[in-house]
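Fold and geometry: a report
Each chain is listed here by its residues.
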Amino acid sequence: MSVVTVQLGQCGNQVAHELFDTVCSDAQDGQRKTYCTASTERFFHRSSHGDLVARAVLIDMEPKVINHCMNEAAHSGRWRYGDTSHFSQKQGSGNNWANGYCVHGPRHKEVVEELVRREVERCDRLAGLMAMMSVAGGTGSGVGTFVTQGLRDIYPKSFILNHLTWPYETGEVIVQNYNSMLTLAHLYQLSDAILVHENDTVHRICSQLLNIKHISFSDINKLIAHQLGSVLQPALTADSHGGYSRNPLGELVSALACHPEYKLLSVCTIPQMPSASIAYSTFSWPALLKHLRQMLISDSKMEEGIDWQARPPAASERSRSLTGANTSLANLLILRGKDVYSAETGGFDDPGLYTPWLSSGEALNLWKSPVPFNKYEKSATVVSNSRALLRPLDHMVRKAWNMFASRAYIHQYVKFGISEDDFLDSFTSLEQVISSYSQLC
């Protein structure tokens, strides 16, 4: 089954381009034929000339980034985008969610939906749609939300996963908290699951683990693509009966988003190191899984600086605040590489990691692949529906509310059709999400 990716705005297009490049390189890197075939079918189709063509639609209100992504892909010699699978205009959304959602989205609705329809019809079987965007600007957030709304109407029974890039807390867009708040509040009603990468966290990994001195957006996008690829590439699941999973989005959603109040997913991957160091490093499953488990418990996204004092509560302890532990609703553990079937994963079955109203047997899902991913002999990823995103979400809503209380920049949204009541509805929606995650214990 195939995934159609909708790339929205500058960030969405750049991250998605890196994702296609990562999965294409991984699938063609001397891997097993069945793995390569499953990956290719999932993300690409073959043109009449035999070229690999990404199952993607590129959308932006300015042409520069789309042109760059298409040229880069074509020059790679390994894959390319479809010649007519893109749409752009000459004028952007001005970092205004309302401009994207109320003006550009409706104005270009039919042409965008036709592009997606054509891409869907190329699939023998559709696994779902993945919309990739930033929440800080105007096109990714505003047009992205409008497009997701249209996709939900047209494909009501298909899985929709939104991948969101969360802005730096000290970002350059002064209204980024408004844009983020409006995006998330609307997507919560539309999407089956929302997978989030925080720029601040990814930046720290680039700096402290990958030893990159002058970090560019390209470095950040490559790391996000690596983590996404580790989740989306073919793997063996409990229900796949010895074959690679057929429906990655459906299985991801069913494993992690088991309640409509809880849709926020975060990712931890181990190991992460400079590419030049990989050949000189050895990894063991017990060490990797010990570190990954503690990263989950202590809500740390990288193995450096883990809080080893944080621990899940014993059955007799009522409060997790005393133990400093993160609480999960559900976790998906994905192991890839050599000797994967010998890896002991019992530490992730600990009931103390999870909310008491789900058994650990229901809350933990395990995927495995004996094929190494992206040059790592062994690697482990956990996708978690937990309290991990509670702090950045609460921080964003509070900053947006402080601006709203003084009516700062509200007129910029009102002039495009977003009222103060729309803001209040979005605040109310996200306060409910914050309350739900706060009560996970």
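The rules behind these values
Residues numbered from 1 in each chain as written. Predicted model: local features only at pLDDT ≥ 70, side-chain atom pairs only at ≥ 80, totals over all residues. Heavy atoms only, no water. 1 Å grid on protein atoms, 1.4 Å probe; cavity = no way out; pocket = protein on both sides within 12 Å on 5 of 7 lines; lining within 4 Å. Points joined across faces, edges and corners; volume = space filled by probe spheres on them. Helix = DSSP H or I, 4+ residues; strand = E, 2+ residues; numbered from the N terminus. Nonpolar A, V, L, I, M, F, W, Y, C, P; charged D, E, K, R; others polar. Buried < 20%, exposed > 50% of the residue type's maximum accessible area, 1.4 Å probe, protein only. Pairing = 2+ DSSP bridges. Right-handed = clockwise from strand over helix to strand, strands pointing away. Expected span 1.5 Å × (residues − 1). Axes fitted to C-alpha atoms, helices over the stretch in contact; angles between N-to-C directions. Contact = heavy atoms within 4.5 Å. Phe/Tyr/Trp six-rings, centres within 6.5 Å; stacked < 30°, edge-to-face > 60°. Lys NZ or Arg CZ within 6 Å of the ring centre and 35° of its normal. Salt bridge = Lys/Arg side-chain N within 4 Å of Asp/Glu carboxyl O. Core = buried A, V, L, I, M, F, W, Y, C linked by side-chain atoms within 4.5 Å.

This part takes up empty space enclosed by the protein. This structure, assessed with the given rule, holds four cavities of 30 Å³ or more. One number sums up the size of the largest cavity: a volume of about 80 Å³. Lining the largest cavity are V196, H197, E198, T201, V202, I205, Q227, S266, V267, K301 and L389. At the level of elements, β8 (193–198), α8 (199–208) and β9 (264–270) are the ones that each hand at least two residues to the lining of the largest cavity. Among the residues making up the lining of the largest cavity, the classes are represented as five nonpolar, four polar and two charged.

This brings us to the pairing of strand β7 (residues 160–166). Among the seven residues that make up β7, seven are buried, leaving the element largely enclosed by the rest of the structure. Taking every second residue as pointing to the same face, both faces of β7 are buried, with I160, N162, L164 and W166 on one and L161, H163 and T165 on the other. Where strand β6 (residues 126–134) meets β7, six bridges bridge the pair, whose relative direction is parallel. Across the sheet, the residue bridging to M133 is L164, located in β7. What joins β6 to β7 is helix α6 (residues 139–154), and the crossover it makes is right-handed. Pairing of β7 with β8 involves six bridges; the strand directions are parallel. Opposite L161, over in β8, you have A193 as the bridge partner. Handedness of the crossover joining β7 and β8 through helix α7 (residues 176–190): right-handed.

Compared with an ideal rise of 1.5 Å per residue, which puts 19 residues at 27 Å, helix α16 (residues 420–438) spans 27 Å between its outermost C-alpha atoms and is within 8% of the ideal. Within the span of α16, buried status applies to F423, S426, F427, S429, L430, V433, I434, S436 and Y437.

In space, the 10 strands of this open sheet follow the order β5-β4-β1-β6-β7-β8-β9-β12-β10-β11, with mixed pairing throughout. Every other strand in the sheet has two partners, leaving β5 (86–88) and β11 (364–369) as the edge strands with one partner each. Shown here is a sheet whose adjacent strand axes are inclined to one another by a mean of 20 degrees, direction ignored. In the packing of α6 onto the sheet, the strands contacted are β1 (2–8), β4 (56–60), β6 and β7, and the crossing angle to β6 comes to about 160 degrees.

The next thing to look at is the packing of aromatic side chains. Enumeration over the complete set of coordinates arrives at 18 aromatic pairs. Taken together, a centroid distance of 4.5 Å and an interplanar angle of 15 degrees make the contact between W97 and Y101 stacked. One end of the pair is W97 and the other is Y101, both in helix α4 (residues 97–107) and four residues apart, which spans about a single turn. By relative accessible area, which is 0% here, W97 ends up buried. Ring centres 5.5 Å apart and planes at 40 degrees place the aromatic pair W401 and F404 in the tilted group. With a gap of three residues between them, W401 and F404 both fall in helix α14 (residues 390–405), about one helical turn apart. Put simply, the rings of Y178, W401, F404, Y413, F423 and F427 pair up and form one aromatic cluster. The ring of F373 carries R336 above its face, with NZ or CZ at 5.9 Å from the centroid. Positioned over the ring face of F404 is R407, at 4.3 Å from the centre of the ring.

With the rule as written, the count across this model stands at 15 salt bridges. Of the charged contacts in the structure, one is a salt bridge between E18 and K222, with a shortest N-O distance of 3.4 Å. Of this pair, E18 sits in helix α1 (residues 9–27) while K222 sits in helix α9 (residues 217–232); the two residues are 204 residues apart in sequence, bridging distant segments of the chain. Ionic pairing is found between R391 and E169, a salt bridge with its closest N-O pair at 3.2 Å. Linking R391 in helix α14 with E169 in the loop between β7 and α7, this pair joins segments that are 222 residues apart in sequence. The network of salt bridges with common partners includes D51, R80 and D83.

Moving on, we get to the layout of surface pockets. Taken as a whole, the largest pocket holds about 850 Å³ of empty space. In terms of lining residues, the largest pocket is bounded by 33 residues, among which Q10, C11, N95, S134 and V173 are the most central. Listing elements by their share of the lining of the largest pocket, those giving two or more residues are α1, α3 (64–76), α6 and α9. Ranked by residues supplied to the lining of the largest pocket, first place goes to α1 with five residues. For the lining of the largest pocket, a count of residues per class yields nine nonpolar, 20 polar and four charged. Here the second largest pocket is characterised by a volume of approximately 570 Å³. What lines the second largest pocket is a set of 20 residues, and nearest its centre among them are K222, H226, M273, S275 and N374. Elements supplying a minimum of two residues to the lining of the second largest pocket: α1, α9 and α11 (275–278). Per-element accounting of the lining of the second largest pocket gives the leading share, five residues, to α1.

What follows is about the nonpolar core. Counting 61 residues, the largest nonpolar core has Y178, L184, L264, L393, Y413, F423 and L430 as the members making the most contacts within it. Of the residues forming this core, the biggest block, eight residues, is contributed by α7. With sequence-adjacent residues up to four places away left out, L393 is seen in contact with W166, L184, L264, L430, V433 and I434. Membership of the second largest hydrophobic core comes to 56 residues, among which are A56, M130, A330 and L332.

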